[in-house]
Structure formats: structure tokens, C-alpha cells
Amino acid sequence: ETLRSVVTDDAVILPPGDEPIRGKEELDASFGRMGDGMGQVEVLDYVLDFREVKILGDYAFEWGEIRGAMRQAGGEPQRSTYNVMRILQRQPNGEWKVHRSIWNERPAHGPNEPVG
């Protein structure tokens, strides 16, 4: 629910290795499936590390890295690292929401290695 709340109703999400997710119905269904699967998952770490953010009127773009760790019920922690680029749209109330998003997996790096 929280992730869905920061995405516009006409967003386009381009997940790695899958079809685009477009529009309110597809977004609601996709985030609903994600929520259903989270009951068996413990999120241990989730970090958004944006290297650049530019605002252009009512739109902004940002790119960087997502790092995280999760554990399936009774399992070992699994770490992941993704490159990410997002376009945000300013809403009439002044909030920024994700309007377009794409990410791809990248090899994990150590804590002292450069991101870029």
C-alpha cells in the first residue's frame, strides 16, 4: 500500500525481464500481488541512493542505486543491488510521485567500493 501510494495512477513501470505495468488497474493488481507475497518475507535493509536529481518544471528525474536485503521465512538473507531511473511528476497538492520507473539488477559491491 505504501509503495502504491507514491506512484501516479497513469505510471509506467518497466521491471527487469517482464512486461511493462501501465495504468491504474495493472498497477493496483501488481502491487496487490506484491503485498500478498510479502507475508513470507522479512525486509532487512532497503536503501535508495540517488546520484542525481534534476527538477524540470512539474517533472523531475533521478537515477542511482537501490540496495536491499530480505529473508524468506526461515531462510538466509539475500542481498540485491539495482540500477534505477525514475521520472517523478508533481501533483496538484505539491507532492512528488513516481510517474515512470525502470531498474535492472547489478552485481553487489562492498560497502567501501564506489557506486558509479
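Now for a look at the structure at hand. Positions within a chain are numbered from 1, following the residues in the order the chain's sequence is written. Reporting in this predicted model follows two pLDDT cut-offs: at least 70 for local features of residues, and 80 or more for side-chain atom pairs to be given and counted; totals over whole chains, interfaces and linings ignore these cut-offs and use all residues. Side-chain numbers here rest on the full set of heavy atoms in the structure, without hydrogens or water.

Here we look at the overall build of the protein
Logical step 1: Strands are runs of DSSP state E lasting at least two residues, helices are runs of H or I lasting at least four, and both sets are numbered from the N terminus onward. Assigned secondary structure in the protein consists of two helices and six strands.
Logical step 2: Start at the N end of the protein and walk to the C end: the helices and strands fall as α-β-β-α-β-β-β-β.
Logical step 3: In terms of its C-alpha atoms, the protein occupies a principal-axis envelope of roughly 45 × 35 × 25 Å.
Logical step 4: Burial status follows relative accessibility: with a 1.4 Å probe on protein chains alone, a residue under 20% of its type maximum counts as buried, one over 50% as exposed, and anything between as partly exposed. Residue burial in the protein is summarised as follows: out of 116 residues, 28% are buried.
Logical step 5: Here a residue-residue contact requires only that any non-hydrogen atoms of the pair lie within 4.5 Å. Sequence-distant contacts in the protein: of pairs separated by 6 or more residues, those separated by 24 or more amount to 45%.
Logical step 6: For the accessible areas, the method is Shrake-Rupley and the probe is 1.4 Å, while residue cover comes only from the protein chains on display. Total accessible area on the protein stands at roughly 8,000 Å², and carbon and sulfur atoms take up 52% of it.

Let's talk about the sheet that holds strand E4 (residues 59–72)
Logical step 1: Judged by pairing direction, the sheet is mixed, and its six strands sit side by side in the order E2-E1-E6-E5-E4-E3 without closing on themselves. Whereas interior strands pair on both sides, the edge strands pair on one side only; in this sheet they are strand E2 (21–22) and strand E3 (41–56).
Logical step 2: Strand pairing is defined by DSSP finding a minimum of two bridges between the two strands. As paired elements, E4 and strand E5 (residues 77–90) share 13 bridges and run antiparallel to each other. Each residue of the ladder has a partner; that of Arg-71, found in E5, is Pro-77.

Here we look at the environment of Val-43
Logical step 1: Relative to the elements of secondary structure, Val-43 occurs in strand E3.
Logical step 2: You can call Val-43 partly exposed: its relative accessible area is 47%.
Logical step 3: Between the C-alpha atoms of Val-43 and Pro-92, which are 49 residues apart in sequence, the distance is 32 Å.

A few points about a nonpolar patch on the surface
Logical step 1: On the surface, a nonpolar cluster with roughly 340 Å² of combined accessible area is contributed by Leu-14, Trp-63, Met-85 and Ile-102.
Logical step 2: With respect to the helices and strands, Met-85 occurs in strand E5. In this analysis, a patch consists of residues with relative accessible area above 30% that form no salt bridge, clustered at 9 Å for like charges and at 5 Å for the nonpolar side chains Val, Leu, Ile, Met, Phe, Trp and Tyr. Whenever Lys or Arg places a side-chain nitrogen within 4 Å of a carboxyl oxygen from Asp or Glu, that contact is recorded as a salt bridge.

Concerning the environment of Glu-95
Logical step 1: Structurally, Glu-95 can be placed in the loop between E5 and strand E6 (96–105).
Logical step 2: For Glu-95 and Val-6, which are 89 residues apart along the polypeptide, the C-alpha to C-alpha distance reads 9.0 Å.
Logical step 3: Sequence-distant contacts of Glu-95, defined by excluding residues within four places in its chain, comprise Gln-89 and Arg-90.

Side note on the pattern of salt bridges
Logical step 1: Applying the stated criterion to the full structure yields 10 salt bridges.
Logical step 2: Residue Asp-58 is joined to Arg-90 by a salt bridge in which the shortest nitrogen-to-oxygen separation is 3.1 Å. Of this pair, Asp-58 sits in the loop between E3 and E4 while Arg-90 sits in strand E5, and the two are 32 residues apart along the sequence.
Logical step 3: Between Glu-65 and Arg-67 there is a salt bridge; the shortest N-O distance is 2.5 Å.
Logical step 4: Judged by its relative accessible area of 21%, Arg-67 falls in the partly exposed class.
Logical step 5: In the salt-bridge network here, residues are joined through shared partners; they are Arg-4, Asp-9, Lys-24 and Asp-28.

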